[in-house]
Amino acid sequence: MNDLINKLIAEAGISQEQATKSIEVVKAFVKEKFPMMADGIENMFTHASSGQAQEGGSLLDKISDIIPGDIGEKIEGFAKQAKEKFEGLEGKL
């Protein structure tokens with residue numbers, strides 16, 4: 001999460017406190033609008049802030065860790081399929 005805070009500071013020209021508060025507001029808003037994903041959103045920010053999301057493996061391999069249950073597994077599978085299809089098209093573009 002520090003990377004996001006630093007990006008907000010650099011690109012939006014706001015203080016660290018303002019950047020941190022902005023992230024918290026966005027996180028709360030998304031959790032409110034998508035309550036079925038609240039645990040996943042919380043996990044995503046927890047992993048990102050502790051650096052766990054960057055340890056070994058790709059982000060695609062971590063989706064089911066961040067979003068629990070069948071939904072996380074389905075999203076992870078869909079994301080991997082989309083990546084494979086894009087990689088197949090990449091040489092044709």
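Above this text is the structure in question.
Residues numbered from 1 in each chain as written. Predicted model: local features only at pLDDT ≥ 70, side-chain atom pairs only at ≥ 80, totals over all residues. Heavy atoms only, no water.

(A) Structural view of the overall build of the protein. Regarding its fold elements, the protein presents five helices and zero strands. Here the protein holds 93 residues, and 18% of them are scored as buried. Of all intrachain contacts in the protein linking residues separated by at least 6 positions in sequence, the fraction that spans at least 24 positions is 18%. Summed over its atoms, the accessible surface of the protein is roughly 6,900 Å², and 58% of this surface lies on carbon and sulfur atoms. (Helix = DSSP H or I, 4+ residues; strand = E, 2+ residues; numbered from the N terminus. Buried < 20%, exposed > 50% of the residue type's maximum accessible area, 1.4 Å probe, protein only. Contact = heavy atoms within 4.5 Å. Areas by Shrake-Rupley, 256 points an atom, 1.4 Å probe, with all protein chains shown as cover.)

(B) Summary view of a nonpolar patch on the surface. Together, Phe-34, Met-36 and Met-37 make up an exposed nonpolar region whose accessible area comes to about 320 Å². With respect to the element layout, Phe-34 can be found in the loop between α2 (16-33) and α3 (38-50). Since its relative accessible area comes to 42%, Phe-34 is described here as partly exposed. (Patch = residues over 30% accessible without salt bridge, like charges linked within 9 Å, V, L, I, M, F, W, Y side chains within 5 Å. Salt bridge = Lys/Arg side-chain N within 4 Å of Asp/Glu carboxyl O.)

(C) Fine view of the side chain of Lys-27. The residue Lys-27 is located in helix α2 in this model. When its relative accessible area of 11% is taken as the criterion, Lys-27 is described as buried. Among residues more than four places away in sequence, those in contact with Lys-27 are Ile-41, Glu-42 and Phe-45.

(D) Spotlight on the nonpolar core. Counting residues in each nonpolar core, the largest one holds five residues, listed as Ile-5, Ala-19, Ile-23, Ile-41 and Phe-45. Listing elements by their share of this core, those giving two or more residues are α2 and α3. Once you skip the residues sitting within four places of it in the chain, Ile-23 turns out to touch Met-1, Leu-4, Ile-5, Leu-8 and Phe-45. (Core = buried A, V, L, I, M, F, W, Y, C linked by side-chain atoms within 4.5 Å.)

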